[in-house]
Amino acid sequence: MNIDFLDAGCADAIHINFKGTDDKTHNIIIDGGSEKGRLYESGLRKRLHEIANVRKEIIDIWIITHIDDDHIGGILRLLKDADLLKAVDLSRTTFWFNYSNWDYDTGIRSNNLKNVKQGITLREYLAAHSHVKQDITDSHPLIDLWGAKLIILSPDNAKYNSLLKLWKNEEVKMRDKEPSSLKSIRNNDYGRRIEDFDTSREVKDVSVENGSSISFMLQFNGESFLFTADSHPDVLVSAIRRRFGGQKIKLKHMQIPHHGSRYNTSNALLELVDCENYIISADGYNRSNLPNKETLVKVLRANPDKNINFFITQENELTRNIFKADPEFNTNLIFPQPGNSHLHFEIG
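Residues numbered from 1 in each chain as written. Predicted model: local features only at pLDDT ≥ 70, side-chain atom pairs only at ≥ 80, totals over all residues. Heavy atoms only, no water.

Which parts of the structure should I look at to understand the pairing of strand β3 (residues 25-31)?
Working note: regular strand, side chains alternate between the two faces of the sheet. Within β3, six of the seven residues are buried, leaving the element largely enclosed by the surrounding structure. Taken together, strand β2 (residues 13-19) and the strand that follows it, β3, pair antiparallel across an intervening segment of five residues, in which D23 is found at a positive phi of about 65 degrees. Viewed along the sheet, the connection from β3 through helix α1 (residues 37-54) into strand β4 (residues 61-64) turns out right-handed. (Buried < 20%, exposed > 50% of the residue type's maximum accessible area, 1.4 Å probe, protein only. Helix = DSSP H or I, 4+ residues; strand = E, 2+ residues; numbered from the N terminus. Pairing = 2+ DSSP bridges. Right-handed = clockwise from strand over helix to strand, strands pointing away.)

Following this line, the structure appears as structure tokens:
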């Protein structure tokens, strides 16, 4: 099984490709990254073109983890990309999408104002042109997709219902603008030394949208990969304890939630995970300065006897120097190979 974290800036766009027990090749997409500027062109669009026009394959499953722009934006761009949209043929794709009947801006129309003449919404497009599965929560039993087994860990019913309540009262606004410039908006924590972090004091993410994230453990041929989107750690902890009887789960790779935000990785979560390879989809140049070094320090402290690898989707002046203040520590930061704009992993 091949798993690629595509070029998406501080966003998620993931492609899973494997040969199933039916002896056919299958493609699963998770989210779509941002709709802003070059990110769609160099990330999602490039990969969809390869799948549809070069390999002549279809996307079997497309998982929309939640409705934030850095996860859904690229899909909105696809709906305006007429030639590629025709080639991809979403009528043959099943979407996993926890949505309400509330209407929100898809980015299709020329302005962001809500009006009766607005273009079709993403919800309406998918309902009319694709197969959509809703109510994806941790109450689902194990799901078998041609030999790839998925265990849903988030959201729980409470987080899902909170999303539905929010969706009745607010409009999610998608902005058509260039990606953030290579300049941090706030000071990051990369200059602090590892020893200076107090990782015992934890803060929680209160975002309803993030809490509704679809997260799951993927098992294939005896190996496991944890996809976490922007999920809340307390939900993951509860689901893992319930599903696995409080035992640690052995993972070949784990995606660190919410692009490495300190709000979404708890000590309790890390105590339930046996893993050496952690993936962060972030670039350092974003309003929250993700990934937070504090999160990476928390991972290191939870695994004092392991040789931890941090795989980061974007290599630049900031991400290369996350541990510059700690030259005596042998920290492993791994970036896409030269000439590639994605991180590549294999399991099974």
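Sorry, what's going on with the sheet that holds β4 here?
Two strands in a sheet stick together by hydrogen bonds in their backbones, pointing the same way (parallel) or opposite ways (antiparallel). The strand order across the open sheet built from seven strands is β6-β5-β4-β3-β2-β1-β17, with neighbouring strands paired in mixed fashion. The open sheet has two edge strands with one neighbour each: β6 (131-133) and β17 (343-346). Averaged over all adjacent pairs, the angle separating strand axes in this sheet is 20 degrees, with direction ignored. Pairing between β4 and strand β5 (residues 94-97): four bridges, direction parallel. The residue bridging I63 from the neighbouring strand is W96, located in β5. Helix-sheet contacts for α1 involve β1 (2-5), β2, β3 and β4, and the interaxial angle to β3 is about 165 degrees. (Axes fitted to C-alpha atoms, helices over the stretch in contact; angles between N-to-C directions. Contact = heavy atoms within 4.5 Å.)

Would you mind going over the sheet that holds strand β8 (residues 148-154) with me for this structure?
An order of β7-β8-β9-β10-β12-β14-β15-β16 is seen for the eight strands of this open sheet, with the pairing classed as mixed. Edge positions in the sheet fall to β7 (143-145) and β16 (332-334), since each has one partner strand and no second. The average angle at which neighbouring strand axes cross in this sheet is 25 degrees, direction not considered. Helix α7 (residues 233-244) contacts β8 and β9 (215-220) of the sheet and is inclined by roughly 130 degrees relative to β8.

These figures capture arrangement, not role.
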